[in-house]
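Below, each chain spelled out in residue letters.
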2 protein chains.
Amino acid sequence: LSFVGFGNVGRALGRLLLRKRLWLQERYGLDFMVTGIYTARHGAAIDPAGLDLEAAIARAEADDSLEVLSAQPAPAAALDFIAQCPADVLFENSPVNYTDGEPAVTHLRAALNAGMHAVTANKGPVVHAYHSLSALARQVGRRFYFESTVMDGAPIFSLFRGALPGARLLSFKGVLNSTTNLILSRMESGESFERAVAYAQEMGIAETDPSGDIDGWDAAIKVAALATVLMDTSVKPQDIRREGIRAITPEMTRAALAEGQRYKLICSARREGETVVGEVAPERVAAASPFYSVSGTTSLMQFETDTLGRLTIIEEDPGPHTTAYGLLADWLNASAQA
Amino acid sequence: LSFVGFGNVGRALGRLLLRKRLWLQERYGLDFMVTGIYTARHGAAIDPAGLDLEAAIARAEADDSLEVLSAQPAPAAALDFIAQCPADVLFENSPVNYTDGEPAVTHLRAALNAGMHAVTANKGPVVHAYHSLSALARQVGRRFYFESTVMDGAPIFSLFRGALPGARLLSFKGVLNSTTNLILSRMESGESFERAVAYAQEMGIAETDPSGDIDGWDAAIKVAALATVLMDTSVKPQDIRREGIRAITPEMTRAALAEGQRYKLICSARREGETVVGEVAPERVAAASPFYSVSGTTSLMQFETDTLGRLTIIEEDPGPHTTAYGLLADWLNASAQA
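Within every chain, residues take consecutive numbers counted from 1 along the sequence as written. Labels follow written order: the first chain is A, the first ligand is 1, and so on. Restriction of local features to residues with pLDDT of at least 70 applies here, the model being predicted, together with a cutoff of 80 or more for giving and counting side-chain atom pairs; totals for whole chains, interfaces and linings are based on all residues. Computation of side-chain values covers all heavy atoms of the structure but excludes hydrogens and water.

(A) Quick look at the overall build of chain A. Per the secondary structure count, chain A includes 12 helices and 12 strands. Throughout this description, buried means an accessible area under 20% of the type-specific maximum (1.4 Å probe, protein chains only), exposed means over 50%, and partly exposed covers the range between. Here chain A, with 338 residues, has 59% of them falling under the buried criterion. A contact between two residues is defined here by any heavy atoms of the two lying within 4.5 Å. Taking all contacts inside chain A whose residues are at least 6 apart in sequence as the whole, residues at least 24 apart take part in 68%. For chain A, the accessible surface area stands at approximately 12900 Å², while carbon and sulfur atoms represent 48% of it. Helix and strand labels come from DSSP, where a helix needs a run of H or I of at least four residues and a strand needs a run of E of at least two; each type is numbered from the N terminus. Note that accessible areas follow from Shrake-Rupley with a 1.4 Å probe, and for residues the cover is restricted to the protein chains shown.

As structure tokens, this is what we get:
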């Protein structure tokens, strides 16, 4: 196994792998070595005989360089690292770039071309290069998987890939952005918008610049990723009709609550003829709706298919550990199939 | 493809297959012939060159015998039918028997031994013979699948089989019985228990003898099936602590509603050391709970694993068409893997 990016998510995956090692052997007859880790801030390390994963996690968390762990001179550039590191899988977790998905797209392409499964928690490559990376993966007999990009580790993509064969997705509707959900919940209790944003930042949920969440960009990217993959089309975040929550006031949320309703930032997409129309906008929902009970960091997604009634998936308590689980699941699914 | 049992579910599967035929060819390169149908009330038909499925559905719905469609003398006994019908898959949909799962268990075993995938919507064989039928399926290189037995076509079993590798199920909790859910909802609007039961019967949801639902047996069987398969144990319906809804009055449901709560028949199971403890009992749930919004025939199941936060699946509008979809998905998954 190899890692490009070893931040919160990469290290959470490292800890999960260590915790599950025995169980993976017993249950799947699967063992692993980590042969390389590349980071932007803590250097890189390669050892074809296997790195000490525990030591690597400890060093990265202590802000120490990984280079001392390397059995050979570790390259300074990520692409050289991917070329030189012998591995069956690349876990790509470099920072997200919403504009063109780079450099993650290039990393994932290099990994596939080097015969590795390409696994990422990064939405950029899904939105910008899903079709080309999937085609390349098929061509080289490897897998490009990205379960953790939407609803973290909850198995949305593998659900449709494996568990819903023969079903055609007609539309979906859900709550996918934790920050706006938390802000709307806090405003119901009387907090100002600004105070609610600050709270979300203190909790580590909102970014220093929260506009990506508040203006609906994060939600639009997730809608684009889901539509692109599950509806076999190509939708860009800019194609999504997008309205954030800046116009919602604490008074509005409390007035809604008094009438038994809550505001939620609703994400949706539906087929219209040959195209797919996506939308992100705040809506009032009633207590009889499952959206009503979506609080804090919970995500909810409803799917309408041509075969089943409406199917709803709810994920609670996401975090780096669930993102890590999605990456692990992607690896297990890729190795089981390839 | 062959069918034992051609009632509402079998015929719904037949219609779904006809509707999806072109799409299955385009998407999966998969074509099919129905080579045999065995029924208890409309005779049986076998044709190795393929039966006219549309005609078979029409005849069964007109209460006509299927025998005229048969290319050879069709046997009177189901086991003889399975032995003589050339097929890759048996869809077993004979009536449910909660005592020992027969004759479905014997039919499924015969199908596997004849080299067919064994697919059923019948809970009996799952509760009574899951481990032995799965072992036999592994031995003969076929599949024993039963997605439609709990929450109809919603992909609960394949979710854990394929989409959640490496996750260990610790507990589950949900609402699985439509009849009691409908009765409790109707009582909230002031209907008497007896009138609500009669309504559920008129809707075709409750049986003529509704005690299996009202006393929690149907729910207990579903808990036993989920625990047996997903927690890799062996739980019988009789092992489940079971309390039905007979003690709940319309007054109780309205008093709860006045306090913002609703009664639901909650199904659950959890690991306790080496064993699994299952329970079915009515509970009051608050509006902040996703259980609150489970109305009518909706089912909801929450799963706690060692890796993800709580994961919830909700299925709406089940019926013979969703049961049929689960059978189709089982076939597609079995052929993709075998």
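The rest of the description comes next.
(B) Region of the structure containing the interface of chain B and chain A. Contacts between the two partners involve 42 residues from chain B and, on the opposite side, 42 residues from chain A. Contact between chain B and chain A buries roughly 3400 Å² in total, counting both sides, with carbon and sulfur atoms accounting for 57%. Throughout, the accessible surface (probe 1.4 Å) given up by two parts as they are put together, summed over both, is called the buried area. The largest share of the area that chain B buries against chain A comes from B:Pro165, B:Glu316 and B:Tyr325, three residues that together contribute 17% of it. We count a salt bridge whenever a side-chain nitrogen from Lys or Arg sits within 4 Å of a carboxyl oxygen from Asp or Glu. In this structure, A:Lys20 engages B:Asp306 in a salt bridge whose closest nitrogen and oxygen atoms are separated by 2.7 Å. The set of elements that each furnish at least two residues to the side of chain B that touches chain A consists of helix 1 (8-28), helix 6 (156-163), strand 12 (311-315) and helix 12 (320-337) of chain B. If one sorts the elements of the side of chain B that touches chain A by residue count, helix 12 of chain B sits on top with six residues. Residue type decides the class: Asp, Glu, Lys and Arg count as charged, Ala, Val, Leu, Ile, Met, Phe, Trp, Tyr, Cys and Pro as nonpolar, and the leftover types, Gly among them, as polar. Here the side of chain B that touches chain A is composed, by residue class, of 21 nonpolar, 13 polar and eight charged. Sheet topology places strand 12 (residues 311-315) of chain A next to strand 12 of chain B; five bridges connect them, and they run antiparallel. The residue of strand 12 of chain B that forms the bridge with A:Glu315 is B:Leu311. Pairing between strands is defined by DSSP: at least two bridges between the two strands are required.

(C) The arrangement of the relation of the copies chain B and chain A in detail. C-alpha atoms of residues with pLDDT of at least 70 in both copies form the basis for the least-squares superposition of the copies. The transform that puts chain B on chain A rotates by 180° and translates by 0.0 Å along the axis, for an RMSD of 0.0 Å. Considering both components of the superposition, the chain copies are consistent with a two-fold axis. Among all C-alpha atoms of chain B, that of B:Ile313 lies closest to the rotation axis, at 2.4 Å. Taken together, the interface assignments show that 100% of the residues at the interface of chain B recur at the interface of chain A, consistent with an identical surface on both copies.

(D) Expanded view of the environment of A:Leu112. All names here are of chain A. Counting through the fold element by element, Leu 112 comes out in helix 4 (residues 104-113). For Leu 112, a relative accessible area of 0% translates into the label buried. For the pair formed by Leu 112 and Ala 334, sequence separation is 222 residues and the distance between their alpha carbons is 12 Å.

(E) Just the pattern of salt bridges, in detail. Under the definition given, this model contains 37 salt bridges over all chains. Among the ionic pairs, A:Glu202 bridges to A:Arg195, the shortest N-O distance being 3.4 Å. Given a relative accessible area of 57%, A:Glu202 falls into the exposed group. Here B:Arg262 and B:Glu188 are joined by a salt bridge, their closest N and O atoms 3.0 Å apart.

(F) Local environment of the packing of aromatic side chains. Only centres within 6.5 Å qualify two rings of Phe, Tyr or Trp (six-membered ring in Trp) as a pair; their planes then separate them into stacked at under 30 degrees, edge-to-face at over 60, and tilted for everything else. By the definition in use, this model includes 20 aromatic pairs over all chains. Their ring planes at 90° and their centres at 6.2 Å tell us that A:Phe32 and A:Trp331 sit as a pair that is edge-to-face. Linking A:Phe32 in the loop between helix 1 (8-28) and strand 2 (36-38) with A:Trp331 in helix 12 (residues 320-337), this pair joins segments that are 299 residues apart in sequence. Each member of the pair, A:Phe32 as well as A:Trp331, carries the same accessibility label: buried. Ring centres 6.5 Å apart and planes at 55° place the aromatic pair B:Phe172 and B:Phe303 in the tilted group.

(G) Up close: the side chain of A:Arg11. Residues and elements named next belong to chain A. Along the chain, Arg 11 falls in helix 1. On the basis of relative accessibility, which here comes to 13%, the residue Arg 11 falls in the buried class. N or O atoms within 3.5 Å of each other form a polar contact, as long as, within protein, one can give a hydrogen and the other can take it, and as long as residues adjacent in sequence are counted only when both atoms are side-chain atoms. At 3.0 Å, the side chain of Arg 11 forms a polar contact with the side chain of Glu 61. Sequence-distant contacts of Arg 11, that is, excluding residues within four places in its chain, are made with Phe 6, Ile 57, Ala 60 and Glu 61.

(H) Representation of the sheet that holds strand 6 (residues 144-145) of chain A in the model. Pairing is mixed in the open sheet, where six strands are placed in the order 3-2-1-4-5-6 (chain A). Edge positions in the sheet fall to strand 3 (44-46) and strand 6 of chain A, since each has one partner strand and no second.

(I) Here's a closer look at the pairing of strand 11 (residues 299-305) of chain B. Residues and elements named next belong to chain B. For strand 11, a buried count of six out of seven residues is recorded, marking the element as mostly surrounded by other parts of the structure. Examined bridge by bridge, strand 7 (residues 169-175) and strand 11 share six bridges and lie antiparallel to one another. The residue bridging Val 175 from the neighbouring strand is Leu 300, located in strand 11. Two elements, strand 11 and strand 12, share five bridges in a ladder whose sense is antiparallel. Across the sheet, Gln 302 pairs through a bridge with Thr 312, a residue of strand 12.

(J) Layout of helix 6 (residues 156-163) of chain A. In terms of residue burial, helix 6 of chain A counts as a mostly covered element, since six of its eight residues are buried. Buried within helix 6 of chain A are the following residues: A:Ile156, A:Phe157, A:Ser158, A:Leu159, A:Phe160 and A:Ala163.

(K) Inspection of the environment of B:Ala49 at higher detail. With respect to the secondary-structure elements, B:Ala49 resides in the loop between strand 3 (44-46) and helix 2 (53-61). Spatially, the C-alpha atom of B:Ala49 lies 20 Å from that of B:His117, the residues being 68 residues apart in sequence.

(L) Focus on helix 10 (residues 217-230) of chain B. Residue and element names in this part refer to chain B. Here the expected span of a helix is defined as 1.5 Å times the quantity of residues minus one. Taking 1.5 Å of rise per residue, the 14 residues of helix 10 would be expected to cover 20 Å, and the 20 Å separating its terminal C-alpha atoms lies within 8% of that figure. With 13 of its 14 residues buried, helix 10 lies for the most part within the structure. Just beyond helix 10, the residue with positive phi is Asp 232, at close to 50°.

(M) Spotlight on the side chain of B:Asn181. Residue and element names in this part refer to chain B. In this fold, Asn 181 is placed in helix 7 (residues 178-188). The exposure class assigned to Asn 181 is buried, which follows from its relative accessible area of 1%. A distance of 3.1 Å separates polar atoms of two side chains, one belonging to Asn 181 and the other to Lys 264. If near-sequence neighbours (up to four positions away) are discounted, Asn 181 is found in contact with Val 175, Lys 264, Val 294, Ser 295, Gly 296 and Thr 298.

(N) Here's a closer look at the sheet that holds strand 11 of chain B. Across the sheet, which stays open at both edges, the 12 strands sit in the order 8(A)-10(A)-9(A)-7(A)-11(A)-12(A)-12(B)-11(B)-7(B)-9(B)-10(B)-8(B) with mixed pairing between neighbours. Looking at strand neighbours, the two that pair on one side only are strand 8 (241-242) of chain A together with strand 8 (241-242) of chain B, the edges of this open sheet. Axes here refer to lines fitted to C-alpha atoms; in helices the fit is confined to the stretch in contact. Angles between the N-to-C directions go from 0 to 180 degrees. Along the sheet face, helix 11 (residues 250-258) of chain A touches strand 9 (261-272) and strand 10 (275-286) of chain A and points at about 90° away from the line of strand 9 of chain A.

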